[in-house]
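# Geometric and topological summary
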Amino acid sequence: MGTWATDAFGNDYAMDWAQDLHEYKTLELVETTLDNVIGSQEAELEAPFAAEALAALDVIARLLGKPGENDPATAEVDEWVAACKKKVTPPLLEKARLAFERITAESSELRQLWQDSEHFADWQADVAALRARVLGPEAA
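Okay, so let's go over this structure.

Cut-offs used in this document
- Residues numbered from 1 in each chain as written.
- Predicted model: local features only at pLDDT ≥ 70, side-chain atom pairs only at ≥ 80, totals over all residues.
- Heavy atoms only, no water.
- 1 Å grid on protein atoms, 1.4 Å probe; cavity = no way out; pocket = protein on both sides within 12 Å on 5 of 7 lines; lining within 4 Å.
- Points joined across faces, edges and corners; volume = space filled by probe spheres on them.
- Helix = DSSP H or I, 4+ residues; strand = E, 2+ residues; numbered from the N terminus.
- Nonpolar A, V, L, I, M, F, W, Y, C, P; charged D, E, K, R; others polar.
- Patch = residues over 30% accessible without salt bridge, like charges linked within 9 Å, V, L, I, M, F, W, Y side chains within 5 Å.
- Areas by Shrake-Rupley, 256 points an atom, 1.4 Å probe, with all protein chains shown as cover.
- Salt bridge = Lys/Arg side-chain N within 4 Å of Asp/Glu carboxyl O.
- Lys, Arg positive; Asp, Glu negative; His and termini not counted.
- Charge placed at Lys NZ, Arg CZ, Asp CG, Glu CD.
- Buried < 20%, exposed > 50% of the residue type's maximum accessible area, 1.4 Å probe, protein only.
- Polar contact = N/O pair within 3.5 Å; in protein donor to acceptor, adjacent residues only side chain to side chain.

This brings us to empty space enclosed by the protein. Overall, the coordinates contain one cavity of 30 Å³ or more when judged by the stated rule. Contributing to the lining of the largest cavity are 13 residues, with D7, N11, L54, W114 and W123 lying nearest its centre. Secondary-structure elements contributing two or more residues to the lining of the largest cavity are α3 (47-63) and α6 (109-115). Classifying every residue of the lining of the largest cavity gives eight nonpolar, four polar and one charged.

Printed below as a string of structure tokens:
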């Protein structure tokens, strides 16, 4: 995986996912992506699924009016969010909560990859900040 930053869109999987997002007019891709993480029967959550889910979670944060840092790489995502007429529902927020649990669990390949790097603390901080943007500061 090509990775250049610890944030949700700092890797090739997330940026490819973001390109696919433009084919949708609803939150279908966001929900499907979270469902893939939550519903996975595999003992270990594969890194690509976790990376895509973090991108989906960032989209949810943006839909909630909490975009985080301005990033030229996410300009197209911001355009999609601005055009999206769908609202974030409580069931989607529950899926988000469950996805965060799975992504940060010991059985997450993405977590393991970051844990083996010198940037693990930065990645954890970015995931916690994203979680707070999606679920509120008490969830971080």
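Here the narrative resumes, following the displayed structure.
Right, let's get into a negative patch on the surface. Where like charges cluster on the molecular surface, the negative patch consists of D12, D16, D20 and E23. Counting through the fold element by element, E23 comes out in the loop between α1 (12-21) and α2 (28-38). Overall, the relative accessible area of 64% leaves E23 in the exposed class.

There is about 340 Å³ of room inside the largest pocket. Elements with a contribution of two residues or more to the lining of the largest pocket: α3 and α7 (120-135). No other element matches α7, which puts five residues into the lining of the largest pocket. Classifying every residue of the lining of the largest pocket by side-chain character gives seven nonpolar, four polar and seven charged.

Glancing now at the environment of T74. In this fold, T74 is placed in the loop between α3 and α4 (75-83). Along the chain, T74 and V59 lie 15 residues apart, while their C-alpha atoms are 9.9 Å from each other. Of note is the side chain of T74, whose polar atom sits 2.9 Å from the backbone oxygen of D71.

Time to look at the pattern of salt bridges. Counting across every chain of the model gives eight salt bridges. D78 is paired through a salt bridge with R62; the nearest N and O atoms lie 2.5 Å apart. Of the two residues, D78 sits in helix α4 while R62 sits in helix α3, which places them 16 residues apart along the sequence. A relative accessible area of 9% places R62 in the buried class. Put simply, E106 and R111 hold a salt bridge, and the shortest N to O gap is 3.3 Å.

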